[in-house]
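Residue-level structure breakdown
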Amino acid sequence: MRKIQMVDLQKQYQQIKSEVEEALQQIMESAAFINGPAVKNFQGNLENYLGIKHVIPCANGTDALQVSLMTLGLEPGDEVITTTFTFIATAEVIALLGLTPVLVDVYPDTFNIDVQAIEKAITPKTRAIIPVHLFGQCADMESIMALAEKHDLSVIEDNCQAIGADYIFKDGSKQKAGTMGILGCTSFFPSKNLGCYGDGGAIFTDDDQLDYQLRGIVNHGMFVRYYHDLIGVNSRLDSMQAAILDVKLKRLDTYIQKRQEAAAYYNNAFAGNNHIKTPVTAPFTTHVYHQYTLVLDGIDRDKLISFMIEKQIPVMVYYPIPLHLQKAYSDDRYQRGDFPVSEHLAANVISLPIHTELDAEQLEYITTNLLEGVRLSQK
Ligand SMILES: *Cc1c(COP(=O)(O)O)cnc(C)c1O
């Protein structure tokens, strides 16, 4: 059996090797390394795929979030509401810009931001909401957008984990994750569902004025060469990464399907086990399974992890510490116990390998051992 990895990028590469190498060769021969045609091509193809007017490529997902906040004209002390159960980057950029991150809890089933908790956290200083489409399914965007409209707030979607997921509105219409807020952000970090071979990211918007602003900010605040109207940053997607992404974008829907098939296999294998809660998908979204995350009940998680490692099955805990309990974000406003759902999840979740290359033999091996590990790790 092939060695199991959380994400098997080596095997995935074998399937697209010739196309990737040809694309890279062309760039090296043309020497158009920065802002070359490959970047424009990928940008256009991603705009079509998402059904959005503008995709602004940048250097990584964290920059996408930071630059998005920079275009909104916020002032120090303005509050931005986000979830405490996410990757640190979401709140990091808020704090870096001198804004105040306001954290709220999540729903126990979907792990996504609790809309009622957002409403309670709104104050006269609130300016924006950053919902995260965690692990590959959309947050409740229809409710979040309604709330934002009511209170005149901007919504930036952190779509680093859910590219390609569909949001299904109450009237049955669909929209891609990341295209509903005024701005959407993604990361092309190698292990993301659409990943390059280095760092990369992008911002999505339908707004022409924001598109103009964003392109200036990612380019040193420059709109006319060597005239700097704003304080900006240097944040680019390079041509080689764009070319690789173009090869993988064509396969994104197939990749998503493969992840969904692996998730369905897991769900089926674990159904009925009362120590394991399998992922719950909300009715208003598809799930692209950036992570396949179980919630354990009555299990010594450390013992289970040791068992899995002994069997050479990698497993991960996303995320072991919610943001309000992180040292760098410790704050008189928050204490342990404030966000019970996130704290419970942090203590009881476990993520299994999920990627585009899992075969039947590996899935069989993982599920058999997980069930055995759970049996041996009961508290
Ligand atoms: C990966 C990720 C980011 C940051 O993306 P980078 O490209 O690593 O900067 C931000 N938010 C979430 C939810 C992520 O998963």
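Notes on helix α1 (residues 9-30)
Taking 1.5 Å of rise per residue, 22 residues should cover 32 Å, yet α1 covers just 27 Å from first to last C-alpha, more than 12% shy of that figure. The axis of α1 is deflected most strongly, by about 70°, at Ile16. Those residues of α1 that fall on the buried side of the exposure criterion are Gln12, Ile16, Val20, Ala23, Leu24 and Ile27. Elements in contact with the buried residues of α1: α2 (37-50), α8 (239-249) and α9 (252-270). At the exit of α1 stands Ala31, carrying a positive phi of roughly 60°.

Section: the packing of aromatic side chains
We describe a pair of aromatic rings using the distance from one ring centre to the other and the angle between the two ring planes. Counted by the stated rule, this structure contains 16 aromatic pairs. Here Phe85 and Phe135 contribute two aromatic rings whose centre-to-centre distance is 6.4 Å and whose plane-to-plane angle is 80°, an arrangement assigned as edge-to-face. Note that Phe85 is positioned in the loop between β2 (79-83) and α4 (89-96) and Phe135 in the loop between β4 (126-130) and α6 (141-151), a separation of 50 residues in sequence. Phe85 sits in the buried class, given a relative accessible area of 1%. Residues Phe87 and Tyr319 carry aromatic rings whose centres are separated by 6.4 Å and whose planes lie at 35° to one another, so their mutual orientation is tilted. Here the residue Phe87 occupies a position in the loop between β2 and α4, and Tyr319 occupies one in the loop between α10 (301-310) and α11 (340-348), the gap between them amounting to 232 residues. Three or more aromatic residues joined by ring pairs form one cluster here, namely Phe85, Phe87, Phe111, Phe135, Tyr318 and Tyr319.

Each value, and the rule that gives it
- Counting from 1, residues in each chain are numbered in the order their sequence is written.
- Local features are withheld for residues below a pLDDT of 70 in this predicted model, meaning they are given only at 70 or higher, and side-chain atom pairs are given and counted only at 80 or more; totals for whole chains, interfaces and linings count all residues.
- Only heavy atoms go into the side-chain values, all of them from the structure, while hydrogens and water stay out.
- Note on conventions: DSSP H or I runs of at least 4 residues are helices, E runs of at least 2 residues are strands, and numbering of each starts at the N terminus.
- The span one expects for a helix is its residue count, reduced by one, times 1.5 Å.
- Bending is quantified residue by residue as the angle between axes fitted to the seven-residue window ending at that residue and the seven-residue window starting at it.
- Each residue's exposure class comes from its accessible area (1.4 Å probe, protein chains only) as a fraction of the maximum for that residue type: buried when under 20%, exposed when over 50%, partly exposed otherwise.
- Here, two residues are considered to be in contact whenever any of their heavy atoms come within 4.5 Å of each other.
- Working definition: a ring pair exists when centres of Phe, Tyr or Trp rings (six-membered ring for Trp) sit within 6.5 Å. Plane angles under 30 degrees give stacked, over 60 give edge-to-face, the rest tilted.

By themselves, these observations are geometric and do not establish any function.
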